[in-house]
Amino acid sequence: MQRPPLPPPPPRAAPPPAHAAQPVPWSQRAARGVTASLIETTKLFITQPRITFARLRQDDDVWGAVLYGALMFTVGLLGAAFWGLLLTGMPLLDTFITLVEPDLEAESVASLLGLGGLLIHVFIAPLLGAVAISLSALACHLGLLLVGGSQRAVGFAGTLQVLAYGSLAQLANAVPIVGGTLALAGTLVLAVIGIDEVHGVGLPRAAVAVTVPMSVCCACLGVLVFGGLLTGALAVAG
């Protein structure tokens, strides 16, 4: 009597993609080298943003990501400051001087400082970058909660990493005239892709989570800056 044939073995689960098991190169900068990791990470986020954002699920180097974002912010802002120095003065330094000491003529101070003023941007930009990344991540995470929350257990750290690496787009600030527009558009696109990939909420909800809170924040920031500049101008005029 023949034995009945054995049932076929259950199908094996597909192995995870090779990229999903690897952190981003920047988080391995101690072994790879800072310069090589910086270049490789930047290239990956430009050419393969979705695949590279997927690596963040295996990456817990949150403050390393913020450092990367602050570097990108600094390079972009220095580029913008350089063109501003050539074309219209130094807008960031002018605004800072006006807010801190309205009695000073910001344009004359900036022109006297010259390249020294440009160096001041080196110290201001990383701090501004880290603060901007943190606030943007907080706003986006609140927006994410409004659309139903994350589908994965990555928490605020995942959002912070997305916004930090998305600051790569700030390099576009170094492009004359249209750099600010390109940087904003690039940051929004990378943030939407990253939120979708890291939190698994789908592109429509990711777009809402990113654009609505950031639009509100930009509007509030614009009101504050305009109010500060107006107060400084009235103080100088008076």
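Residues numbered from 1 in each chain as written. Predicted model: local features only at pLDDT ≥ 70, side-chain atom pairs only at ≥ 80, totals over all residues. Heavy atoms only, no water.

Novice: Quick one: what's the story with the pattern of salt bridges, residue by residue and with numbers?
Specialist: Tallying each qualifying case throughout the model produces four salt bridges. The closest approach of N and O atoms between Asp61 and Arg29, which form a salt bridge, is 2.8 Å. One end of the pair, Asp61, is in the loop between helix H3 (49-54) and helix H4 (62-87); the other, Arg29, is in helix H1 (residues 29-32), with 32 residues separating them in the sequence. Classification of Asp61 as buried rests on a relative accessible area of 18%. A salt bridge links Arg50 to Glu197; the nearest nitrogen and oxygen atoms lie 2.8 Å apart. With Arg50 in helix H3 and Glu197 in helix H9 (residues 179-199), the pair connects residues that are 147 residues apart, well separated along the chain. Classification of Glu197 by relative accessible area gives buried; the value is 13%. Connected via shared salt-bridge partners are Arg50, Asp196 and Glu197. (Salt bridge = Lys/Arg side-chain N within 4 Å of Asp/Glu carboxyl O. Helix = DSSP H or I, 4+ residues; strand = E, 2+ residues; numbered from the N terminus. Buried < 20%, exposed > 50% of the residue type's maximum accessible area, 1.4 Å probe, protein only.)

Novice: Got a sec to walk through a nonpolar patch on the surface? Specific residues and values, please.
Specialist: A cluster of nonpolar side chains, namely Leu138, Leu142, Leu145 and Phe156, defines an oily patch on the protein surface of about 370 Å² accessible area. With three residues, helix H7 (residues 115-146) is the single largest residue contributor to the nonpolar patch. Position of Leu138 among the secondary structure elements: in helix H7. Look at Leu138 and you get partly exposed, because its relative accessible area is 43%. (Patch = residues over 30% accessible without salt bridge, like charges linked within 9 Å, V, L, I, M, F, W, Y side chains within 5 Å. Areas by Shrake-Rupley, 256 points an atom, 1.4 Å probe, with all protein chains shown as cover.)

Novice: Account for the nonpolar core, naming residues and giving values.
Specialist: Phe53, Leu56, Val162, Leu163, Tyr165, Ile195 and Val210 are the most contacted members of the largest nonpolar core, which totals 33 residues. Among the secondary structure elements, those contributing two or more residues to this core are H4, H7, helix H8 (155-166), H9 and helix H10 (203-237). Of the residues forming this core, the biggest block, six residues, is contributed by H9. Those residues within four positions of Val210 in sequence are excluded, and the remaining contacts are Cys140, Leu188, Ala191, Val192 and Ile195. (Core = buried A, V, L, I, M, F, W, Y, C linked by side-chain atoms within 4.5 Å. Contact = heavy atoms within 4.5 Å.)

Novice: How would you explain the packing of H8 against H9 if you had to name every residue and give the values?
Specialist: Two elements in contact, H8 and H9, have axes whose closest approach is 9 Å; the angle formed by their N-to-C orientations is 150°. On the basis of their axis angle, the class for H8 and H9 is roughly antiparallel. Regarding H8 and H9, the two cross each other, and that crossing is right-handed. Touching Gly155, Gly158, Thr159, Val162, Leu163 and Gly166 of H8 are Thr187, Leu190, Ala191, Gly194, Ile195, Val198 and His199, all from H9. (Axes fitted to C-alpha atoms, helices over the stretch in contact; angles between N-to-C directions. Parallel < 35°, antiparallel > 145°, perpendicular 65-115°, else oblique. Left-handed = near helix turned anticlockwise from the far one by under 90°.)

Novice: Could you give an account of the environment of Ile133, with specific residues and numbers?
Specialist: With respect to the helices and strands, Ile133 occurs in helix H7. When the C-alpha positions of Ile133 and Phe73 are compared, they lie 9.3 Å apart, and in sequence the two are 60 residues distant. When sequence neighbours within four positions are dropped, the list of residues in contact with Ile133 reads Val66, Gly69, Ala70, Leu160, Leu163, Ala164 and Ser167.

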